[in-house]
Amino acid sequence: MSLWPILLYLLSTTAIAAGALHLGCGMRRRDAAIPILAPLLFVGPALVTGRTLSPIDRAYRIEPLEGHRELLAGRAPSAGIYHDPYAQILPWRAAVRHAYALGQWPLWNPFSRAGEPLAGLGQAAPYAPVNLLALLVPIEDEAALVAGLTLAIAGLGGFLAFATLGLSRRGSLVGAVAWSSSGFLLFWHLWPLAQTIAFFPFVLFAAVRLARDAKIGNVALLGAALTLLLLSGHQESTAHVVAFSALFAVAALPWRQVRPLGRAVGLALAAGLAAAALSAFFVLPHLDAIGQSAEYAHRHGAHDRAFHARLTAEAAALLRAEFVPFVWGIENDEVGQNPTFGFALYSPDRAFSGGLILALAVAGLAGPRRRLALAGGALYLFGVLAGVGYRPVHELLARLPIFDLTLNRRLAFVAAFGLALLAAAAIDAWDSRDPALPRRLAPALSIAAAAAALALVAYLFWPGAAASGLDAATYLSRTAWLVLPALLGALLLGVARPRDGILLLLLMAHLAERRSESDYLFRPQERRAFFPRVAPLDSIPESSEPERVVALHFALPPNTATHYGLEDPRGDNAVTLRRLARLRNTLDPTGDSWTLLRFSRPDERVLDLLNVRYVLIPHPKGVPPWYRPIAQSTDLALYENRHALPRAFLPRQVVIGSDPGRLLARTATIESFGKTSTIEPIGTKVETRKRKNARGRLATVRRGLGLRIDADLAEPGWIVVSETHWRGWRATVEGKELPLAYANHAYLGLLAPAGKSRIDLEYRPQSFVWGLRISAASAALLLAAFAWGGWRRRWVATLGSRSAAAATAFTARQAAVMPAPLAQPSRFF
């Protein structure tokens, strides 16, 4: 066990808290300790015991790890819905570490889907400060460290946001803890989505502060918050955060004063432009990649809007979990298909933040802070309806610019913030120092009534829960955890005057409830089980040439080969190259997603095209004769595919043309890509024709994240490289660029010169080059501006002090030569 991860967590959160304390807003040091220590209740067991919070046990349900379940040591299983963290997020983070270890920008991921952008697809978030900090710990500790930092940032930012909205110190503290322990953030803690949403209070705080006081310091604060937001990796959520932060800032603008209003709006736009410029090296490649994706067109379609929208009855069924979170089950074995609606009523990313906070929110609605109650109630209602996919709200959002591309059910975070705002308003009313007993008892009575209502609602929902197969004893114990903390809160607020000790007891009750309710989301696993190299993977020989490995059916989950340093042409991602999707649909119209998730037969011709040298076959039967057996475990055999083409090869003949449709149809009929490949030159119009290709020899090695090809050709010829052709590839020979083409519709083709040449193939899109230039220039300008401002202030201060000293000396000299004043007034006066 190493103490470094927990020490790094404490050091970094203390530094963030010091910055928050410097911003004022009434935060005290002991207040900052609570948002720092509260996340340890969830991630501490993993950090302290040296286990990993990554849900790696999900990989042990599939070969080749299924036969080694003893490595899990019988630990409780992770949530079944945590597929993406182990099959997407974690491998991407491993690919980022690999790129940094090579001393290169994390632009290309060679391990997945025959290569794909890494930073450009966004969610790897290689430049997010939290992820950069996590590079200081082993990858096994990364999930716990990042989750803890995310929750701490959310809590500290929440305090600043609630305080700047006018709430008391105690009210802001309760709101901050309620926000950071909301179901939304606790569920998404393993995704970059939570890292992005955690900055929402910081952005809101900076925007409101600038709206109220349009000065340069607040511009810098907003620009910094927006830059951190943009680098956090989830641009959909970035759009949501900016939109709702802007709403709060608009409410704080001085509308009756034209000049301050214009200055505040102009400075806010300047802060946004500065943030966009500083993060351009990340944002521009992401926008470039999104524009090439199949999902970009799909998100505009009516099908996507209909898929995420719910009818009133369905939305109402999902809405039950906002009050009784376990009504449809939460554990892996509790969630099933609901016979009434035909889908699993399981929505863990809800706004719910515990029965105590829900009861406090009711008290906040009935409290004296009417404007805050209205704002919090409106946010909660809107966010909840959007979160359950209520059709009228969903279709309204789908018609708005930018929102027509985002998954708007994730706006449930707005409801979580509104709920925390209402709870903070209730504590603010209790903390009002009003000695009158009825005024002090009002929040307590409201909380008690809300707790009773929660118990009644849980009772009324029981028949539906029972029909879904839930156990009565489990349902009753969970109901007790839901109601009892709220009753305790009513008792504490009713009999005690405002004290920090009473508030601490209240927060301890809330956090105990949340730990019990979210236990299934935080289940550390054994460190030794983190993707060990087991048989038959350990028999794959090392090679100087890049070669790929693939598993048939569902063995070796896509992307997880990254942990073994193996390249797998399958993949699991939310963004797909549009040309790759077209090729997939053409070669496999039945919908077997061979380029995404699985291959089903060892004789599929695309295996040869994709440079698949090694194939893992479960229960091998009917293996082609050109497959050579290498090793075998209990249920999985490793074969070498001796028909696999090299990563870069010279087809015997090529079909060249400029019509993508005709070439795609031709590609679908090719039986051997080594004999025939299609070439679509870029920037050149040619008629479709077939011709012989050049003959020669090629040798390919991996060079960083790119490739180096040593070619010796008898004449100029087309080389096909089985790397997906995202815009941004450059092929150079001694600094001179070679013409590129689309080979076999979705892969790289390049025209090599005759004779011997050394070709360097590198993925470096112009969007990154220009983005890096913009970011570097912006950073230099901002540093120069700050340096000039500091120098100017020091120069003015020095000039002022010297002028004051000179004036003092002059006054003293004049006083010395002037006659002494009369001791008595003249008689004439």
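Rules and cut-offs
- Residues numbered from 1 in each chain as written.
- Predicted model: local features only at pLDDT ≥ 70, side-chain atom pairs only at ≥ 80, totals over all residues.
- Heavy atoms only, no water.
- Helix = DSSP H or I, 4+ residues; strand = E, 2+ residues; numbered from the N terminus.
- Buried < 20%, exposed > 50% of the residue type's maximum accessible area, 1.4 Å probe, protein only.
- Contact = heavy atoms within 4.5 Å.
- Areas by Shrake-Rupley, 256 points an atom, 1.4 Å probe, with all protein chains shown as cover.
- Patch = residues over 30% accessible without salt bridge, like charges linked within 9 Å, V, L, I, M, F, W, Y side chains within 5 Å.
- Salt bridge = Lys/Arg side-chain N within 4 Å of Asp/Glu carboxyl O.
- Axes fitted to C-alpha atoms, helices over the stretch in contact; angles between N-to-C directions.
- Parallel < 35°, antiparallel > 145°, perpendicular 65-115°, else oblique.
- Left-handed = near helix turned anticlockwise from the far one by under 90°.
- Nonpolar A, V, L, I, M, F, W, Y, C, P; charged D, E, K, R; others polar.
- Pairing = 2+ DSSP bridges.
- Core = buried A, V, L, I, M, F, W, Y, C linked by side-chain atoms within 4.5 Å.
- Lys, Arg positive; Asp, Glu negative; His and termini not counted.
- Charge placed at Lys NZ, Arg CZ, Asp CG, Glu CD.
- Expected span 1.5 Å × (residues − 1).
- Phe/Tyr/Trp six-rings, centres within 6.5 Å; stacked < 30°, edge-to-face > 60°.

*Asks:* Before we go on, may I ask you to explain the overall build of the protein in this structure?
*Replies:* Looking only at helices and strands, the protein has 28 helices and 18 strands in total. When burial is assessed residue by residue, the protein has 57% of its 829 residues classed as buried. Put simply, 75% of the contacts in the protein that link residues at least 6 apart link residues at least 24 apart. Per element, the accessible surface of the protein, about 35000 Å² overall, is 62% carbon and sulfur.

*Asks:* Just to check I follow, could you spell out a nonpolar patch on the surface for this structure?
*Replies:* Taken together, the side chains of Trp4, Leu7, Leu11 and Leu136 present a nonpolar region at the surface, about 380 Å² in accessible area. Topologically, Leu7 is positioned in helix H1 (residues 4-22).

*Asks:* I'm lost on the packing of helix H11 (residues 216-230) against helix H13 (residues 258-278) in this one. Help?
*Replies:* Each pair of packed helices gets described by two things: the angle between the helix axes and the distance between those axes. Contact pair H11 / H13: the axes reach a minimum separation of 8 Å and the direction vectors enclose 40°. As summarised for this structure, H11 and H13 are arranged oblique, according to the angle between their axes. The two elements H11 and H13 meet at a crossing, and its hand is right-handed. Two secondary-structure elements touch here, H11 through Val219, Leu222, Gly223, Leu226, Thr227 and Leu230 and H13 through Leu267, Ala268, Ala271, Gly272, Ala275, Ala276 and Leu278. Grouping the constituent residues of the contact of H11 with H13 by class yields ten nonpolar, three polar and no charged.

*Asks:* Just checking my understanding: could you explain the pairing of strand S6 (residues 636-641) for this structure?
*Replies:* Counted residue by residue, S6 has six buried out of six residues, so it is predominantly covered. Judged from the five bridges that link them, strand S4 (residues 612-618) and S6 form a sheet pairing that is antiparallel. For Ile617, the partnering residue across the bridge sits in S6 and is Ala637. The sheet contact formed by strand S5 (residues 627-632) and S6 spans five bridges and is antiparallel. Considered in S6, the bridge of Gln632 is made with Ala637. Taken together, S5 and the strand that follows it, S6, pair antiparallel across an intervening segment of three residues.

*Asks:* It is not clear to me how the side chain of Asp568 should be interpreted in this structure. Could you clarify?
*Replies:* Take Asp568: it is sitting in the loop between strand S3 (548-551) and helix H25 (578-587). Its relative accessible area of 1% is what places Asp568 among the buried residues. Apart from residues lying up to four places away in sequence, Asp568 is in contact with Phe111, Ser112, Arg113, Ala114, Val549, Val550, Leu556, Pro558 and Ala561.

*Asks:* Please explain unusual backbone geometry as it appears in this structure.
*Replies:* Generally, phi is negative for residues other than glycine and the peptide bonds are trans, each holding for most cases. Cis geometry is found at the peptide bond from Glu63 to Pro64, where omega equals 15°. Cis geometry marks the peptide bond from Ala535 to Pro536; its omega dihedral reads 0°. Among the structural elements, Pro536 can be located in the loop between helix H24 (500-517) and S3. Of note in this structure, Ala114 is not a glycine but carries a positive phi near 55°. Judged by relative accessible area, which is 1%, Ala114 ranks as buried.

*Asks:* What am I meant to see in the sheet that holds S3 here?
*Replies:* Remark on secondary structure: sheet strands pair via backbone hydrogen bonds, oriented parallel or antiparallel. Strand order in this open sheet of four strands is S3-S4-S6-S5, and the pairing throughout is mixed. At either margin of the open sheet sits one strand with a lone partner, and together these are S3 and S5. Here the average twist between neighbouring strands, direction ignored, is 25°.

*Asks:* What is the right way to read the nonpolar core from this model?
*Replies:* Within soluble globular proteins, side chains that are nonpolar tend to cluster in buried spots. Within the largest apolar cluster, 160 residues are counted, with the highest numbers of intra-cluster contacts made by Val43, Trp179, Leu360, Phe413, Phe417, Tyr475 and Leu493. Excluding residues that lie within four positions of it along the chain, Phe417 makes contacts with Ala161, Phe162, Trp179, Phe200, Pro201, Leu204, Phe248 and Leu379. In this structure, Ala289, Leu705, Ala743 and Leu748 belong to the second largest nonpolar core, which totals 65 residues.

*Asks:* When you look at a positive patch on the surface in this model, what are you seeing that I'm missing?
*Replies:* Judged by side-chain charge, Arg652, Lys675, Lys692 and Arg695 come together as a positively charged surface patch. Here Arg652 shows up in the loop between strand S7 (648-649) and strand S8 (653-656). Residue classification places Arg652 among the exposed residues on the basis of a relative accessible area of 53%.

*Asks:* Honestly, helix H12 (residues 235-252) in this entry has me stumped. Any pointers?
*Replies:* Residues that lie three or four places apart on an α-helix share one face, since the helix turns once every 3.6 residues. With 18 residues, H12 should cover 26 Å at 1.5 Å per step; its first-to-last C-alpha distance of 26 Å lies within 8% of that length. All buried positions along H12 are accounted for by Gln235, Glu236, Ser237, Thr238, His240, Val241, Phe244, Ser245, Phe248, Ala249 and Ala252.

*Asks:* How do you make sense of the side chain of Gln292 when you look at a structure like this?
*Replies:* With respect to the helices and strands, Gln292 occurs in the loop between helix H14 (280-291) and helix H15 (294-299). What makes Gln292 buried here is its relative accessible area of 8%. Beyond its immediate sequence surroundings of up to four residues, Gln292 is in contact with Thr576, Leu577, Arg578, Trp726 and Arg727.

*Asks:* What should I look at first to understand the pattern of salt bridges in this one?
*Replies:* Close approach of charged atoms lets side chains of opposite charge pair. Following the criterion strictly, the structure yields 34 salt bridges and no others. Glu116 serves as the salt-bridge partner of Arg113, at 3.9 Å between the closest nitrogen and oxygen. The buried category is assigned to Arg113, whose relative accessible area is 3%. On the basis of relative accessibility, which here comes to 1%, the residue Glu116 falls in the buried class. The residue Asp519 makes a salt bridge to Arg515 at a minimum N-O spacing of 3.3 Å.

*Asks:* Explanation requested: the environment of Pro117 in the structure shown.
*Replies:* Take Pro117: it is sitting in strand S2 (residues 116-117). Along the primary structure Pro117 and Leu107 are separated by ten residues, whereas in three dimensions their C-alpha atoms are 5.8 Å apart. Residues within four places of Pro117 in sequence aside, it is in contact with Leu107, Trp108, Asn109, Trp726 and Tyr763.

*Asks:* Even after reading the chapter, I still don't get the pairing of S3, so can you show me in this structure?
*Replies:* Every regular strand shows the same layout, with side chains that alternate between the two sheet faces. Every second residue of S3 is oriented toward a common face, with Arg548 and Val550 on one face and Val549 and Ala551 on the other, all of them buried. Inspection of the sheet shows S3 paired to S4 by four bridges, in the parallel sense. Note that in S4 the partner of Arg548 across the bridge is Val612.

*Asks:* Whenever I open this one, the packing of aromatic side chains confuses me. Can you help?
*Replies:* Two descriptors summarise a pair of aromatic rings, namely the distance from one centre to the other and the angle between the planes of the rings. Taken as a whole and assessed by the stated rule, the structure comprises 30 aromatic pairs. On the basis of an interplanar angle of 65° and a centroid distance of 6.1 Å, the ring pair of Trp105 and Phe281 is categorised as edge-to-face. Taken together, the residues span a long stretch of sequence, with Trp105 in the loop between helix H4 (83-101) and strand S1 (108-109) and Phe281 in helix H14 at a distance of 176 residues. Since its relative accessible area comes to 35%, Trp105 is described here as partly exposed. Seen in terms of ring centroids, Phe187 and Trp191 are 5.3 Å apart; in terms of plane orientation they differ by 35°. Their pairing is tilted. With respect to class, Phe187 is no different from Trp191; both count as buried.

*Asks:* Would you take a moment to explain the sheet that holds strand S14 (residues 729-733) for this structure?
*Replies:* In space, the five strands of this open sheet follow the order S11-S12-S18-S14-S15, with antiparallel pairing throughout. Either end of the sheet is taken by a strand with one partner, and the two such strands are strand S11 (696-703) and strand S15 (736-737). Pairing of S14 with strand S18 (residues 755-763) involves four bridges; the strand directions are antiparallel. The residue bridging Ala731 from the neighbouring strand is Leu761, located in S18.

Geometric descriptors of this kind do not, in isolation, establish any biological role.
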